[in-house]
Amino acid sequence: MNYYSLNKNAPNVSFREAVVKGLAPDKGLYFPESITPLEKDFFNHIEYFSNNEIAFEVIKQFVGDEIPEAELKQIIEETLSFDFPIVEIKKNIASLELFHGPTMAFKDVGARFMARCFRAFNKDENAEKVTVLVATSGDTGGAVASGFLGVDGVDVVILYPSGKVSDVQEKQLTALGQNIKALEVNGTFDDCQAMVKTAFLDTEITSQRNLTSANSINIARWLPQMFYFFFAYKQLKNKKKDLVFSVPSGNFGNICAGIMAQQLGLPVKQFIAATNVNDIVPNYLKTGVYTPKPSIQTISNAMDVGDPSNFIRIQEIYNNDDSFLKENLTSYSFSDEKTRKAIKKIKKKSGYIADPHGAVGYLGLKKYLKKNKAQGLFLETAHPVKFLDVVEPILNETIEFPPQITAVMDKEKIAVEISTYEELKKYLLDTK
């Protein structure tokens, strides 16, 4: 399998090159040259396959022979060492829980898969040392830190906005040490992202450090997110009912992976991109004009993105045909006030505690189901314990720390404070 740049001005590359580079030389996102749907028989008998077997069938065409089959199966086994349960909330509405991994966020799957791909590549004695440079609005940082901790030949540098991630999220990306370094940026997530993008374009840095990204622009972080949607379908008791996924969306990597799963043959009627007030995509679907804006801080901070990187991949899947895209994708935006009310209502009606992102997904699903009949799943992308400062006051109750969180909360935060790109550049050049 080869990959091409969506900017269409760079050579096609192998899976390995696309993973190691992260971005193409023309700064475009990589996209697979072909997508071959899976056999119908696979879907007809999906409940008889293990999650590991499903994941192997889903990902193998995108990896090709870059990683030997036995090693790819081992990578999948290590990546998927936790559950992805569906929890019914009410009739036709259920939560797909993606937070049972080590950092209690959906990004654990992509980060673990990507880190293990690097481990496989670094067995080659000629492999160059790589610096994973990534900006995070919350959960990406912790998942990448955990996934890459101790991986030989890889340094990780994570930029995060000061005061705009939760205490738990901050500890998960600042307290691990070893090859994980955290830079606390005096600014927003967009500022962090802009610094990272500038560093990738800076030849002074790239001539001395082999940079790659570990957010969802990287194919090895993005493509494994397809797995969730297949695992959900496997668990459904009624597979003949129209299936709808509502995905809390910030950078649009997760929902784009779901749409890729649909391209592989997964029978999904509709995807709902549920956003907070950072409503670039809902506005685009209304007006036909894509207008990036500075991000606005909300209680669902991992979705505070003013220019979603992966939306261009969604457009590519639908051949840049807006009418085709709108047949498969609906998008709604919700305020913090509505999100708080949803958290309270879900708990009161069902006893279920949703985090702010899951609550936005729930709201999107509810709105869609008012006019459409379907079996709806919203993605619960992080454990509510990661947002105690939001959830506990809303519910007026204390949420107990799971073991994964307790393990990092007592560790010391170690972060370097920066305010400008020049400070990032100096750090990268001085610490190589």
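Predicted model only: the values in this text are computed from it and were never measured.

Before going further, it helps to spend a moment on helix 4 (residues 69-79). Of the residues making up helix 4, those classed as buried are Leu72, Ile75, Ile76 and Thr79. Mapping the buried residues of helix 4 onto a view down its axis gives an arc of 95 degrees, with all of them on the same face. Its buried side turned inward, helix 4 meets helix 3 (51-63) and helix 5 (107-121).

Moving on, we come to the sheet that holds strand 2 (residues 13-14). Strand order in the open sheet formed by 3 strands is 2-1-3, with antiparallel pairing between adjacent strands. The open sheet has two edge strands with one neighbour each: strand 2 and strand 3 (30-32). Pairing between strand 1 (residues 2-5) and strand 3: 3 bridges, direction antiparallel. Within the sheet, the bridge partner assigned to Ser5 lies in strand 3 and is Tyr30.

Topologically, Asp26 is positioned in the loop between helix 1 (15-21) and strand 3. Buried within the structure, Asp26 lacks any salt-bridge partner; its nearest side chain of opposite charge belongs to Lys27, at an N-O separation of 7.8 Å. A distance of 2.6 Å separates a polar atom in the side chain of Asp26 from a polar atom in the side chain of Ser5. Reaching out from Asp26, the side chain makes a polar contact with the backbone nitrogen of Asn9 at a distance of 2.8 Å. Leave out the neighbours within four places in its chain, and Asp26 touches Ser5, Asn7, Lys8, Asn9 and Ala10.

Counting residues in hydrophobic clusters, the biggest one holds 141 residues, and the most contacted among them are Phe15, Phe113, Phe148, Met226, Phe230, Phe245 and Ile314. Per-element tally for this core: the top contributor is helix 5, with 9 residues. The next biggest cluster of nonpolar side chains, apart from the first, holds 21 residues, and it includes Ala135, Val185, Val305 and Leu428.

Here is what the cut-offs are and how they apply
Residues numbered from 1 in each chain as written. Predicted model: local features only at pLDDT ≥ 70, side-chain atom pairs only at ≥ 80, totals over all residues. Heavy atoms only, no water. Buried < 20%, exposed > 50% of the residue type's maximum accessible area, 1.4 Å probe, protein only. Helix = DSSP H or I, 4+ residues; strand = E, 2+ residues; numbered from the N terminus. Arc of directions from axis to C-beta. Contact = heavy atoms within 4.5 Å. Pairing = 2+ DSSP bridges. Lys, Arg positive; Asp, Glu negative; His and termini not counted. Salt bridge = Lys/Arg side-chain N within 4 Å of Asp/Glu carboxyl O. Polar contact = N/O pair within 3.5 Å; in protein donor to acceptor, adjacent residues only side chain to side chain. Core = buried A, V, L, I, M, F, W, Y, C linked by side-chain atoms within 4.5 Å.

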